[in-house]
Amino acid sequence: MDFYDYIERLQNLINEGSRIPFSNKVIIDQEKILTLLDEMVKALPEDIKKAKKIVEERQRILVEAQKEGEMIIKEAKEHIEKMVDQNEIVKIAREKSEEILAASKKAAREIRVGANKYADEVLAQLEKYLEKILTSVREGREELNQRI
């Protein structure tokens, strides 16, 4: 179940509660609220696991980009070594290898930036999500504490 569903269920329990006349207070079934909060706590680790997978995927993308960049550089160096025989060919090879090296660095940098942006966006969404959950839990606890 999505965490937003839990929040919606919590809101429904509060909305369905008996209103106390002349106040903003509501009487709700404590057992139902506590059961729902227990379910929410059990579901939370699953969302945290999802965030961890996202971070691991980001790391995998960065490692892949680094390996690809290194492979391109290695190929460029090998290509240069084969063309060392003639002076003009050497000049052309150096220029080409510099272009390849610059392009591979740029590609690796773009992949890294993209992966970081993606991970940041996902983590920002998760942060907002967890803040909403925490706010709902605090409000629920505060409501319960006011009744005690």
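Before going into details, it helps to say that this report is about the structure given with it. What you see is a predicted model; the values in this text were computed from it and never measured. (Residues numbered from 1 in each chain as written. Predicted model: local features only at pLDDT ≥ 70, side-chain atom pairs only at ≥ 80, totals over all residues. Heavy atoms only, no water.)

Here we look at the overall build of the protein
And step 1. Helix and strand counts for the protein come out as three helices and two strands.
And step 2. When the helices and strands of the protein are placed in sequence order, the string is α-β-β-α-α.
And step 3. Along the longest, intermediate and shortest principal axes, the C-alpha atoms of the protein span 95 × 25 × 20 Å.
And step 4. Every one of the 148 residues in the protein was classed for burial, and the buried ones make up 23%.
And step 5. Sequence-distant contacts, at least 24 apart, represent 69% of the contacts inside the protein between residues at least 6 apart.
And step 6. Carbon and sulfur atoms form 53% of the exposed surface of the protein, whose accessible area is close to 11,400 Å².
And step 7. Mean positive and mean negative side-chain charge positions of the protein (28 and 31 charges, respectively) differ by 2 Å. (Helix = DSSP H or I, 4+ residues; strand = E, 2+ residues; numbered from the N terminus. Buried < 20%, exposed > 50% of the residue type's maximum accessible area, 1.4 Å probe, protein only. Contact = heavy atoms within 4.5 Å. Areas by Shrake-Rupley, 256 points an atom, 1.4 Å probe, with all protein chains shown as cover. Lys, Arg positive; Asp, Glu negative; His and termini not counted. Charge placed at Lys NZ, Arg CZ, Asp CG, Glu CD.)

Here we look at a negative patch on the surface
And step 1. Together, Glu88, Glu95, Glu98 and Glu99 make up a region of like negative charge exposed at the surface.
And step 2. Here Glu99 lies in helix α3 (residues 87-147). (Patch = residues over 30% accessible without salt bridge, like charges linked within 9 Å, V, L, I, M, F, W, Y side chains within 5 Å. Salt bridge = Lys/Arg side-chain N within 4 Å of Asp/Glu carboxyl O.)

Let's talk about the nonpolar core
And step 1. Within the largest apolar cluster, 17 residues are counted, with the highest numbers of intra-cluster contacts made by Phe3, Tyr6, Ile33, Leu36, Met40, Tyr129 and Ile133.
And step 2. Counting residues per element, the ones that place at least two in this core are α1 (3-16), α2 (30-82) and α3. (Core = buried A, V, L, I, M, F, W, Y, C linked by side-chain atoms within 4.5 Å.)

Comments concerning α1
Every α-helical turn comprises 3.6 residues, leaving residues that sit three or four positions apart pointing alike.
And step 1. Its 14 residues place the ends of α1 20 Å apart at the C-alpha level, agreeing with the 20 Å of an ideal helix rising 1.5 Å per residue.
And step 2. Among the residues of α1, those classed as buried are Phe3, Tyr6, Ile7, Leu10 and Leu13. For α1, the buried positions fall inside an angular range of 120° around the axis, keeping them on one side. Opposite the packed face of α1, turned more than 90 degrees from it, sit the exposed residues Asn15 and Glu16. (Expected span 1.5 Å × (residues − 1). Arc of directions from axis to C-beta.)

Things to note about the side chain of Ser136
And step 1. Tracing the backbone shows Ser136 in helix α3.
And step 2. Excluding anything up to four places from it in sequence, Ser136 contacts Ile7 and Leu10.

Some remarks on the pattern of salt bridges
And step 1. Within the structure shown, the criterion is met by five salt bridges.
And step 2. Here Arg9 makes a salt bridge to Glu39, at a shortest N to O gap of 3.0 Å. A residue pair is termed long-range when its members are at least 10 positions apart, and Arg9 in helix α1 and Glu39 in helix α2 qualify at 30 residues.
And step 3. Given the relative accessible area of 32%, Arg9 is considered partly exposed.
And step 4. The exposure class assigned to Glu39 is partly exposed, which follows from its relative accessible area of 26%.
And step 5. Connected via shared salt-bridge partners are Glu57, Arg60 and Glu64.

So, the environment of Ile20
And step 1. The residue Ile20 is located in the loop between β1 (18-19) and β2 (26-27) in this model.
And step 2. On the basis of relative accessible area, Ile20 is assigned to the partly exposed category, the value being 34%.
And step 3. Other than its neighbours up to four places away in sequence, Ile20 contacts Lys25 and Ile27.

So, to be careful, I would describe these as geometric facts and stop short of saying anything about function.
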